[in-house]
Amino acid sequence: MAAHLSYGRVNLNVLREAVRRELREFLDKCAGSKAIVWDEYLTGPFGLIAQYSLLKEHEVEKMFTLKGSRLPAADVKNIIFVVRPRLELMDIISENVLSEDRRGPARDFHILFVPRRSLLCEQRLKDLGVLGSFIHREEYSLDLIPFDGDLLSMESEGAFKECYLESDQTSLYHAAKGLMTLQALYGTIPQIFGKGECARQVANMMIRMKREFTGSQNSIFPVFDNLLLLDRNVDLLTPLATQLTYEGLIDEIYGIQNSYVKLPPEKFAPKKQGDGGKDLPTEAKKLQLNSAEELYAEIRDKNFNAVGSVLSKKAKVISAAFEERHNAKTVGEIKQFVSQLPHMQAARGSLANHTSIAELIKDVTTSEDFFDKLTVEQEFMSGIDTDKVNSYIEDCIAQKHPLIKVLRLVCLQSVCNSGLKQKVLDYYKREILQTYGYEHILTLYNLEKAGLLKPQTGGRNTYPTVRKTLRLWMDDVNEQNPTDISYVYSGYAPLSVRLAQLLSRPGWRSIEEVLRILPGPHFEERQPLPTGLQKKRQPGENRVTLIFFLGGVTFAEIAALRFLSQLEDGGTEYVIATTKLINGASWIESLMEKPF
C-alpha cells in the first residue's frame, strides 16, 4: 500500500493494486527465472507502481536497459522485453534476439507492449525473422498511473503533438481506455462535460466503448459525480507563463520526472568542521517529491514567496521538540521521547532538504534576468503592448539566450494578442532563424500549426474579452494567504482552472459568449445509472469532479485546483488526470523538430 495515494476522497490505491495484479499475472505466466529488458522511457512510470521487491518475488533476477547488439550475460530461463510499441525499438529487439540465438542454452523470449499491442510492430518483428521466437506476446494496459492522492498521468510524451499536429488519435484512445478502467473500478461517472475537439472525441469513444460492453452492468456505487474533459489548446496561455508555486518552480528550473527531481549536490553535502570544502559530492542529489512527505505536502502548492515563512516556523517547532529531551526525567518520559525520535529526525531531514531547495530556487528568482522576464510575461497577460515587437525579446535573441526561452515568450505574446500582426511575426521569425539557424524553420511551422505562434486573422484580438469575462488578471494578489487561484502565477488566474471553477458554480451558461470564442465545441453528456446507484448527497457533502487535461497539465494548474478543493464553501473536490505532466519548456521542446 502507498499511503499517499489514499488520503483523498478517492482511494487511488485501488487503481495501483489493479495494475500491479495484472503485472504479477503476466510474470507468473513465464515460469522460471527471468531477466527484464526495459525500454528506458518506461522505467520511471513503472517505478511508481512496482518496486524491484515485487519483481523479485516473481523470480526476476536481472534487469537491463534495451540497447543494440548483444544482451548482457544472464543465467535465466526467460527474457522479457517490456517496450512501447515503436518500430525503432523492434529493430533493437530483433538484434538482441538474433545475437542470443547463436550463443549458449536456449532461452524463452517474451514481449510485453505498453500500453497496447501493435500490428505494425509485430509485422516488423516478422519481417526481421524473430516473431516466432516469442512465446508470449501481450499488452499491459498501463494507461493512467497514480502519482499522488489526487493526481493521475498517462505520461505519454508525444500526446499534444500527435493530437494537434499529426491528427493521430492514439493517445485519445488510450485516454478513453484509461477512463473506462477508472469507471470499472470506481463506478460510472453520471455526468460528462467537455470543451474542445479532442474532448469531444474522447467522450464519443467512451460512449461507444460503453455500448460495446452492454452485457455487464456496472454495479459499483459511483465515486465521481462529474468528469470534465479539457483540451490543452482551449488554454494555450497557461503553460507558457512561468509557474510561481514551489513545486512549479522546482519543475521549471530542474524538471520533475515521475515524481523525482535531480538537484546539484553541493547544497546537500553534510558540513564538517575544518573540511575546507574538499571532497564535495559530484553525483546529483535525487529526491522523491510527493505528499507522503508531510512538509512537502504543506508547501508544494504555495506561492514561492510564502514558502520561507513556513520553513522558518517549522524549524522553530522542530528545535523546540528536540529541546524536550532535557525535560524528560522519568523512564516513561524518556521512553516516549525515544519513540518520537524517528519521526522527528525524518522531519529535520525533510526540513534541511527543502531549505536547500528553496535556497537554490531563490538564487534564480532573485536574478535580474528572471525579474525582467517575469515583468514582460505579466505585461503580456494583462494586455500591455502585445501588438508590437518587444525590446526584451529582441535583446534575448541578440544575446542568444536559450531558444526555448525565446520561443515561450514569443508564443505567449502571440496567444495574448490572438496572433501577431504579419510584420511583427515575420520580424521575429527572421531574427530567430538568422540567430539560431535555419533548421528551426520546421519548429516555427509546428508552433504555427499548433496555434501558438500565428498571424492575427480577422483583425480582432479576442483575448481582452476572455480576460475580462473570466477575470484572468487580478491586480491585488495575496500570495501569503490567497483568496483566489491567481496566486499561482502572482496575478494571472489559469484559464483552464477558471473554466472548471465556473462550471462548478454557477455553470457554463453564464459564460456562453466566451465559450464560443475559445476553440472547439463545448458539450454535456449524461450516463444513466441503474436505480439504487443514484447518489443522494448529504448536506454539506462536496461533489467529486475528475478533470482530465488532454495534451498536458502544469503543476501550477494542479495547485490552483487543490486550492479550489480546499475552499470551505467550494462545493467541489477535484481529482486531476492528464496525458502528461508538463511545463512550458518541456511542452515547447515536444513540438521542436530535432535538427538532422
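Residues numbered from 1 in each chain as written. Predicted model: local features only at pLDDT ≥ 70, side-chain atom pairs only at ≥ 80, totals over all residues. Heavy atoms only, no water.

**Student:** I tried to follow the sheet that holds strand E12 (residues 285-288) on my own but got confused; where do I start?
**Tutor:** In a beta sheet, neighbouring strands pair by backbone hydrogen bonds and run either parallel or antiparallel. Pairing within the open sheet is antiparallel, and its 3 strands lie in the order E10-E11-E12. Where the open sheet ends on each side, the last strands, each with one partner, are strand E10 (256-257) and E12. When strand E11 (residues 260-263) meets E12, the two strands line up antiparallel, connected through 4 bridges. Looking across to E12, one finds that Val261 is bridged to Leu287. (Pairing = 2+ DSSP bridges. Helix = DSSP H or I, 4+ residues; strand = E, 2+ residues; numbered from the N terminus.)

**Student:** What exactly am I supposed to notice about the packing of helix H7 (residues 170-186) against helix H8 (residues 197-212) here?
**Tutor:** For the pair H7 and H8, the least separation of the axes is 9 Å and the interaxial angle reads 50 degrees. With respect to H8, the element H7 is oriented oblique. With respect to the hand of their crossing, H7 and H8 are arranged in right-handed fashion. Residues Leu172, Tyr173, Ala176, Lys177, Leu179, Met180 and Gln183 of H7 touch H8, and the partners they reach there are Cys198, Gln201, Val202, Met205, Met206, Met209 and Lys210. A per-class count over the contact of H7 with H8 returns 10 nonpolar, 2 polar and 2 charged. (Axes fitted to C-alpha atoms, helices over the stretch in contact; angles between N-to-C directions. Parallel < 35°, antiparallel > 145°, perpendicular 65-115°, else oblique. Left-handed = near helix turned anticlockwise from the far one by under 90°. Contact = heavy atoms within 4.5 Å. Nonpolar A, V, L, I, M, F, W, Y, C, P; charged D, E, K, R; others polar.)

**Student:** Quick question: what am I supposed to make of the nonpolar core here?
**Tutor:** Looking at soluble globular proteins, one finds that nonpolar side chains tend to be buried together. Counting residues in each nonpolar core, the largest one holds 166 residues, and the members touching the most others are Phe46, Leu452, Leu499 and Phe548. Ignoring any residue separated from it by four or fewer positions in sequence, one finds Phe548 in contact with Leu144, Met154, Ala175, Leu179, Leu227, Leu228, Leu229, Leu230, Ala577, Thr578 and Thr579. Counting 22 residues, the second-largest nonpolar core is a separate cluster that includes Val37, Leu66, Ile79 and Phe134. (Core = buried A, V, L, I, M, F, W, Y, C linked by side-chain atoms within 4.5 Å. Buried < 20%, exposed > 50% of the residue type's maximum accessible area, 1.4 Å probe, protein only.)

**Student:** Would you mind showing me how to read the pattern of salt bridges here?
**Tutor:** For side chains bearing opposite charge, pairing can occur when the charged atoms are close. Under the defined criterion, the tally for this structure stands at 33 salt bridges. The partner of Arg116 in a salt bridge is Asp143, and the shortest N-O contact between them spans 2.9 Å. With Arg116 in the loop between strand E4 (108-113) and helix H5 (119-127) and Asp143 in the loop between strand E5 (134-139) and strand E6 (145-148), this residue pair connects regions lying 27 residues apart in the sequence. Side by side, Arg116 and Asp143 carry an identical accessibility label, which is buried. Lys314 is paired through a salt bridge with Glu298; the nearest N and O atoms lie 3.0 Å apart. With a gap of 16 residues between them, Lys314 in helix H11 (residues 307-323) and Glu298 in helix H10 (residues 294-299) connect regions that are remote in the sequence. Given the relative accessible area of 26%, Lys314 is considered partly exposed. Looking at Glu298, the relative accessible area reads 38%, which means it is partly exposed. (Salt bridge = Lys/Arg side-chain N within 4 Å of Asp/Glu carboxyl O.)

**Student:** Would you take a moment to explain the packing of aromatic side chains for this structure?
**Tutor:** What describes a pair of aromatic rings is the distance from one ring centre to the other and the angle between the planes of the rings. By the definition in use, this model includes 13 aromatic pairs. When the centroid spacing of 6.4 Å and the interplanar angle of 65 degrees are considered together, the rings of Phe109 and Phe134 count as edge-to-face. With Phe109 in strand E4 and Phe134 in strand E5, this residue pair connects regions lying 25 residues apart in the sequence. Both residues of the pair, Phe109 and Phe134, count as buried. (Phe/Tyr/Trp six-rings, centres within 6.5 Å; stacked < 30°, edge-to-face > 60°.)

**Student:** What is the right way to look at the pairing of E11 in this model?
**Tutor:** Within a regular beta strand, the side chains point alternately toward one face of the sheet and then the other, so they alternate between its two faces. Burial along E11 is one-sided: the face carrying Val261 and Leu263 is buried and the face carrying Tyr260 and Lys262 is not. Bridge count for E10 against E11 is 2 bridges, and the pairing is antiparallel. Counted as the bridge partner of Gln257 is Tyr260 from E11. Adjacent in sequence and paired antiparallel, E10 and E11 are bridged by 2 residues, among which Asn258 carries a positive phi angle near 50 degrees.

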